[in-house]
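Structural description and commentary
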Amino acid sequence: MKVLVAVKRVVDYNVKVRVKADGTDVDVANVKMSMNPFDEIAVEEAVRLKEAGKASEIVVVSMGVKQCEETLRTALAMGADRALLVETDAELQPLAVAKLLKAVAEKEQPQLVIVGKQAIDDDANQTGQMTAALLGWPQGTFASKVDLAAETADITREIDGGLETVKLRLPALVTADLRLNEPRFIKLPNIMAAKKKPLDKTTPADLGVDVTPRLKTLKVAEPAKRSAGIKVANAAELVAKLKNEAKVL
Ligand code: AMP
């Protein structure tokens, strides 16, 4: 069974992002970039499925600039078998990524597509759902457990009231949530071995997809600075401040 995993290159989660001086976007010049954390979980899940003998091949795909190759090499070092870069300098919004992912899925014919539940840069949480809809495939979003059989997958989902299990007929799409697994630490020999694994390239035009953005960003701004808190001596003072200063009582 072939598994396709989408990995996005994003600003590393440890970086404190800054907004460009002209307020048009986040400044990514000279900023550390990494694989989206939920995509690491998606790759890890695919690798575990392969180790358990349930998946036979793992293909990873990334859409974006040339440097996404680094993200794909990381996925290969984690255990993916081969990689595909859909190279473009264009701004990619979730609908465009979903159309590209659909085109790749139609070519590769995987039984399972795994994506992250959301990218930590745009926080859109849209690509997986849109891709499944465009393909007309069942979807199991916010997965905390994937139980794969020959023709179906039982997906345990994290929902507000607790956990829900859905049975999907394959081929299907899953989005990985935080508690699905803990990605492995990549060992040096695996990084070296990943350099020799196949990494192919294509473009949106080759896939016949128009990636023109549908949404326009009007302005990007930093959150308003919070003023410092104060300590009160006792409950009476707290109540007085809530009454007279905050005027919430
Ligand atoms: P989003 O809908 O933007 O929050 O992204 C959800 C998931 O879609 C991510 O965790 C990735 O698995 C996938 N994805 C989004 N954008 C890209 C991209 N440019 N390349 C590869 N995968 C992507």
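Look up: the structure comes first, before these words.
Residues numbered from 1 in each chain as written. Predicted model: local features only at pLDDT ≥ 70, side-chain atom pairs only at ≥ 80, totals over all residues. Heavy atoms only, no water.

**Digging into the pairing of strand E8 (residues 152–159)**
On a regular strand, each side chain points to the face opposite its neighbour's, so the side chains alternate between the two faces of the sheet. We apply this condition: Classification of residues uses two cut-offs on accessible area relative to the type maximum, computed with a 1.4 Å probe and protein chains only: under 20% is buried, over 50% is exposed, and between them is partly exposed. Put simply, DSSP marks the helices as runs of H or I at least four residues long and the strands as runs of E at least two long, and each gets a number from the N terminus on. A pair of strands is considered paired only if DSSP assigns at least 2 bridges between the two.
Within E8, six of the eight residues are buried, which leaves it mostly tucked inside the rest of the structure. With five bridges connecting them, strand E7 (residues 139–148) and E8 associate as antiparallel partners. Residue pairing for E8: Asp-147 is matched across the bridge by Asp-154. Count of turn residues in the E7/E8 antiparallel hairpin: three residues. Counting the residues in the hairpin turn of E8 and strand E9 (residues 162–169) gives two residues.

**Looking at the pattern of salt bridges**
Stated precisely, the cut-off is as follows: Each reported salt bridge corresponds to a side-chain nitrogen of Lys or Arg within 4 Å of a carboxyl oxygen of Asp or Glu.
As enumerated under the stated definition, the model contains 20 salt bridges in all. A salt bridge links Asp-147 to Lys-54; the shortest N-O distance between them is 3.8 Å. Of this pair, Asp-147 sits in strand E7 while Lys-54 sits in the loop between helix H1 (37–51) and strand E4 (57–64), placing them 93 residues apart in sequence. A salt bridge links Glu-108 to Arg-82; the nearest nitrogen and oxygen atoms lie 2.7 Å apart. Taken together, the positions of Glu-108 in helix H3 (residues 94–108) and Arg-82 in strand E5 (residues 82–87) put the pair 26 residues apart, joining distant regions of the chain.

**A closer look at the nonpolar core**
Defined as follows: The criterion is simple. A nonpolar core is a set of buried Ala, Val, Leu, Ile, Met, Phe, Trp, Tyr and Cys residues joined through side-chain atoms within 4.5 Å. Note on contacts: a residue pair qualifies if any of its non-hydrogen atoms lie within 4.5 Å across the two residues.
Val-5, Val-43, Val-60, Leu-112, Ile-114 and Val-174 are the most contacted members of the largest nonpolar core, which totals 38 residues. Ranked by residues supplied to this core, first place goes to H1 with seven residues. Those residues within four positions of Leu-112 in sequence are excluded, and the remaining contacts are Lys-2, Val-3, Leu-4, Leu-49, Leu-148, Leu-170, Ala-172 and Val-174. Among the nonpolar cores identified, the runner-up in size contains 24 residues, and Val-86, Leu-92, Leu-101 and Val-113 belong to it.

**Section: the layout of surface pockets**
Taking a probe equal in size to a water molecule and rolling it over the atoms shows the remaining empty space. Test applied: Cavities and pockets are found on a 1 Å grid laid over the protein atoms alone: a cavity is a set of points where a 1.4 Å probe fits but cannot escape, a pocket is an open set with protein on both sides within 12 Å along at least five of seven lines, and a lining residue has an atom within 4 Å of such a point. Grid points are joined across faces, edges and corners, and a volume is the space filled by probe spheres set on the points.
There is about 240 Å³ of room inside the second largest pocket. Along the walls of the second largest pocket sit 13 residues, with Asp-12, Met-33, Ser-34, Met-35 and Glu-40 positioned nearest its centre. Secondary structure elements with two or more residues in the lining of the second largest pocket: strand E3 (33–35) and helix H2 (68–78).

**Re unusual backbone geometry**
Looking along the chain, the bond that leaves Leu-170 and enters Pro-171 is cis, with omega of 0°. With respect to the helices and strands, the residue Pro-171 is situated in the loop between E9 and strand E10 (172–176). In this structure, Lys-247 is a non-glycine residue whose phi angle is positive, near 55°. Counting through the fold element by element, Lys-247 comes out in the segment after helix H6 (235–244).

**Considerations on the pairing of strand E1 (residues 2–6)**
In terms of burial, E1 is a largely internal element, five of the five residues being buried. Covered by surrounding structure in E1 are Lys-2, Leu-4 and Ala-6 together with Val-3 and Val-5, the residues of both alternating faces.

**Section: the site of the ligand**
To be explicit about the condition: Only a single heavy atom is needed: when it lies within 4 Å of a molecule or strand, its residue is near that molecule or strand. Distance and chemistry together define a polar contact, namely a pair of N or O atoms within 3.5 Å, with one atom able to donate a hydrogen and the other to accept it when in protein, and with adjacent residues in sequence counting only for side-chain atoms on both sides. Exposure was quantified through the Shrake-Rupley algorithm and a 1.4 Å probe, taking into account, for residues, occlusion by the shown protein chains and nothing else. Polar here means any residue outside two lists: the nonpolar Ala, Val, Leu, Ile, Met, Phe, Trp, Tyr, Cys and Pro, and the charged Asp, Glu, Lys and Arg; Gly therefore counts as polar.
Neighbouring the ligand are 18 residues; Asp-39, Met-63, Ala-119, Asn-125 and Thr-127 lie closest to it. In the model, an oxygen atom of the ligand is placed 3.0 Å from a nitrogen or oxygen of the Asn-36 side chain. Contact distances for the ligand include 2.9 Å between an oxygen atom and a side-chain N or O atom of Asp-122. In the complex, the protein chains occlude 99% of the 490 Å² of accessible area that the ligand would expose alone. Elements represented by at least two residues in the shell around the ligand include exactly E4 and strand E6 (112–116). Of the residues that constitute the shell around the ligand, the class distribution is eight nonpolar, seven polar and three charged.

**A few points about the packing of H3 against helix H4 (residues 127–135)**
Rules: Axis lines are fitted to C-alpha atoms, over the contacting stretch for helices. Their N-to-C directions set the angle, which ranges from 0 to 180 degrees. Orientation labels follow simple angle bins: below 35 degrees gives roughly parallel, above 145 gives roughly antiparallel, 65 to 115 gives roughly perpendicular, and whatever is left gives oblique. We call a crossing left-handed when the near helix sits turned anticlockwise from the far one by less than a right angle, and right-handed when that turn is clockwise.
The interhelical angle for the contact between H3 and H4, taken along N-to-C directions, is 50°, at an axis separation of 8 Å. As the angle between them shows, H3 and H4 are arranged oblique. Note that H3 runs across H4; the crossing there is right-handed. Contact with H3, carried on its side by Pro-94, Leu-95, Val-97, Ala-98, Lys-99, Leu-101, Lys-102, Ala-105 and Glu-106, involves Thr-127, Met-130, Thr-131, Leu-134 and Leu-135 of H4 and no other residues of that element. For the contact of H3 with H4, the residue count by class is nine nonpolar, two polar and three charged.

**Digging into the sheet that holds E6**
Judged by pairing direction, the sheet is mixed, and its nine strands sit side by side in the order E9-E8-E7-E10-E6-E1-E4-E5-E11 without closing on themselves. If you trace the sheet from one side to the other, it starts and ends with E9 and strand E11 (199–202), each paired once. Adjacent strand axes in the sheet meet at a mean angle of 35°, parallel and antiparallel pairs treated alike. Its contacts with the sheet put H2 on E4, E5 and E11, and the angle it makes with E4 is roughly 165°. Most of the contacts of H3 go to E4, to which it runs at about 150°, and overall it touches E1, E4, E5 and E6.

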